[in-house]
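The primary structure of each chain is shown beneath.
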Amino acid sequence: MNDPHSTPETSGAGIRFEHVDVTYPNGYRGLKNVNLQIAPGEMVAVVGLSGAGKSTLVRTINGLVPITSGQITVGEFGLHGLRGARLRQLRSEVGMVFQSFNLAKRTTVLNNVLMGRLHHTSAWRTLLAAWKKDDVELAMQALERVEIVQKAYANASELSGGQQQRVAIARALAQKPKVILADEPTASLDPPTSHVVMRDLQRINTELGITVVVNLHFLDLARRYGQRLVGLRSGEIVYDGQGADADESVFESIYGRSLTAEDVLPETTAELS
Ligand SMILES: Nc1ncnc2c1ncn2[C@@H]1O[C@H](COP(=O)(O)OP(=O)(O)OP(=O)(O)O)[C@@H](O)[C@H]1O
Ligand SMILES: [Mg+2]
């Protein structure tokens, strides 16, 4: 099942930002004239200082933060003013992974992953927890893809942080999404576990062709796992290019200072137990 040479089961959606502004209700401009084009199946890392607008940017892609002007297109959806059934339809195609994992702790890993199927499940089945066999199969496949299927019947509260994040990724995968958004998915994890989670996201991108947009604090992590790097500063894109080309001067333009040892995540190849 995890054959990297198999043809992608899902294809990703393209994402286009055209002159996008976000002004929060208090008048703060979170994004300023953002123009960005992400191809279907691309993996992009977004970096920037705290407050630069990284979360704002990813949250506009599934409509969690409404845009004030401009347009964002995700696959066939235009986000400006999108609401109701169409907004729910868009959200069913966009999986989200958070820094804090956001699992339901008092139930099993499998039930958490099945929650990713809610968009596709009738209300009575949800109420009775009468999951279809196909949904359970899909959830187990998603757990297998992030190599944590052996924990399917464990309680979510028994898992380590890294394992919880892998379950959160499986939950997003069970949605059969065209896009996965990850907002600092490694910020609560130690360096070895951060690498494991980033490798999972990278594998999902290459094997399934799902478009991945991931916010990261560490530039070196972004350089390594996003082919493309977008640097944000005060709500504006100040760099958009290949990670490999992001040198010291690019670092300075994004962070407003030069690189220090604290900006580099230790190299490690350790695996989760
Ligand atoms: N709901 C809101 N109302 C007003 N201002 C907001 C709101 N959400 C975010 N902001 C402001 O918008 C700016 C960008 O915030 P955002 O959360 O996107 O930054 P970030 O790059 O994700 O930061 P961090 O690395 O700390 O997560 C910040 O100055 C923040 O204070
Ligand atoms: Mg943030």
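Cut-offs used in this document
- Residue numbers run consecutively from 1 along every chain, following the written order of its sequence.
- The lettering of chains begins at A and the numbering of ligands begins at 1, in the order of writing.
- Thresholds applied to this predicted model are a pLDDT of at least 70 for local features of residues and 80 or more for the giving and counting of side-chain atom pairs; totals over whole chains, interfaces and linings are not thresholded and use all residues.
- Side-chain descriptors were evaluated using all non-hydrogen atoms of the structure, hydrogens and water having been removed beforehand.
- Numbered from the N terminus, helices here are DSSP runs of H or I no shorter than four residues, and strands are runs of E no shorter than two.
- Residue exposure (1.4 Å probe, protein chains only): buried if accessible area is under 20% of the type maximum, exposed if over 50%, otherwise partly exposed.
- When DSSP finds two or more bridges between two strands, those strands count as paired.
- Residue contacts follow a heavy-atom distance rule, with two residues in contact if any of their heavy atoms lie within 4.5 Å.
- For helices, the fitted axis covers only the stretch in contact; all axes are lines through C-alpha atoms, and the angles between them, taken along N-to-C directions, range from 0 to 180 degrees.
- Roughly parallel means an angle under 35 degrees; roughly antiparallel, over 145; roughly perpendicular, 65 to 115; everything else is oblique.
- The crossing is said to be left-handed when, going from far helix to near helix, the turn is anticlockwise and less than a right angle, and right-handed when the turn is clockwise.
- Classification used: nonpolar for Ala, Val, Leu, Ile, Met, Phe, Trp, Tyr, Cys and Pro, charged for Asp, Glu, Lys and Arg, polar for all others including Gly.
- Only heavy atoms are used to decide nearness, and a residue is near a molecule or strand if one of them lies within 4 Å of it.
- In protein, a polar contact means a hydrogen-donor-capable atom and an acceptor-capable atom, both N or O and within 3.5 Å, with residues adjacent in sequence counting only if both atoms are side-chain atoms; elsewhere, any N or O pair within 3.5 Å suffices.
- Note on areas: Shrake-Rupley, 1.4 Å probe, and residue coverage restricted to the protein chains presented here.
- For this analysis, a salt bridge means a side-chain nitrogen from Lys or Arg found within 4 Å of a carboxyl oxygen belonging to Asp or Glu.
- For our purposes a nonpolar core is just a set of buried Ala, Val, Leu, Ile, Met, Phe, Trp, Tyr and Cys residues, chained together by side-chain atoms within 4.5 Å.

(A) Looking closely at unusual backbone geometry. Unlike most non-glycine residues, His19 shows phi in positive territory, near 50°. Note that His19 resides in strand β1 (residues 15–23). Its identity as a non-glycine residue notwithstanding, Phe101 has a phi of 70°, on the positive side. Residue position: Phe101 is located in the loop between β6 (94–97) and α3 (109–114). Here Phe101 falls in the buried class, since its relative accessible area comes to 10%.

(B) The sheet that holds strand β2 (residues 29–38), seen in detail. An order of β2-β1-β4-β5 is seen for the four strands of this open sheet, with the pairing classed as antiparallel. Of all the strands in the sheet, just β2 and β5 (77–78) have a single pairing partner and so form its edges. Inspection of the sheet shows strand β4 (residues 69–74) paired to β5 by two bridges, in the antiparallel sense. By the bridge assignment, Thr73 is partnered in β5 with Gly78. Contacts from helix α1 (residues 54–61) reach β1, β2 and β4, with the element oriented near 120° to β1.

(C) A look at the packing of helix α5 (residues 133–145) against helix α6 (residues 161–174). Orientation of α5 relative to α6, taken along the N-to-C sense of each, is 135°, at an axis distance of 8 Å. As summarised for this structure, α5 and α6 are arranged oblique, according to the angle between their axes. Judged by the twist between their axes, the crossing of α5 over α6 is right-handed. Contacts between α5 and α6 involve Leu138, Ala142, Leu143 and Arg145 from the first element and Val167, Ala170, Leu173 and Ala174 from the second. In terms of residue class, the contact of α5 with α6 is made up of seven nonpolar, no polar and one charged.

(D) Here's a closer look at the site of ligand 1. Close contacts around ligand 1 come from Tyr24, Asn26, Tyr28, Leu49, Ser50, Gly51, Ala52, Gly53, Lys54, Ser55, Thr56 and Glu184, and that covers them all. A distance of 2.8 Å is found between an oxygen atom of ligand 1 and a backbone nitrogen or oxygen belonging to Gly51. Between Thr56 and ligand 1, the recorded distance is 2.5 Å, taken from a side-chain N or O atom to an oxygen atom. Relative to its free-state accessible area of 640 Å², ligand 1 is covered by the protein chains to the extent of 62%.

(E) Examining the pattern of salt bridges more closely. Evaluated as defined, the whole model comprises 14 salt bridges. Residue Glu18 pairs with Arg16 through a salt bridge whose shortest N-O separation is 3.6 Å. The partner of Arg203 in a salt bridge is Asp200, with the nearest N and O atoms 3.5 Å apart. Of this pair, Arg203 and Asp200 both sit in helix α7 (residues 191–208), three residues apart, which is roughly one turn of that helix. For Asp200, a relative accessible area of 1% translates into the label buried. In the salt-bridge network here, residues are joined through shared partners; they are Arg145, Glu147, Arg166, Asp200, Arg203 and Glu207.

(F) Seen up close, the nonpolar core. Core analysis: the biggest nonpolar cluster contains 50 residues, and Leu143, Ile180 and Val214 have the highest contact counts within it. Apart from residues lying up to four places away in sequence, Leu143 is in contact with Val109, Leu110, Val113, Ile148, Val149, Ala152, Val167 and Ala170. Counting residues in each nonpolar core, the second largest holds 32 residues, with Leu31, Ile61, Ile72 and Val94 among its members.

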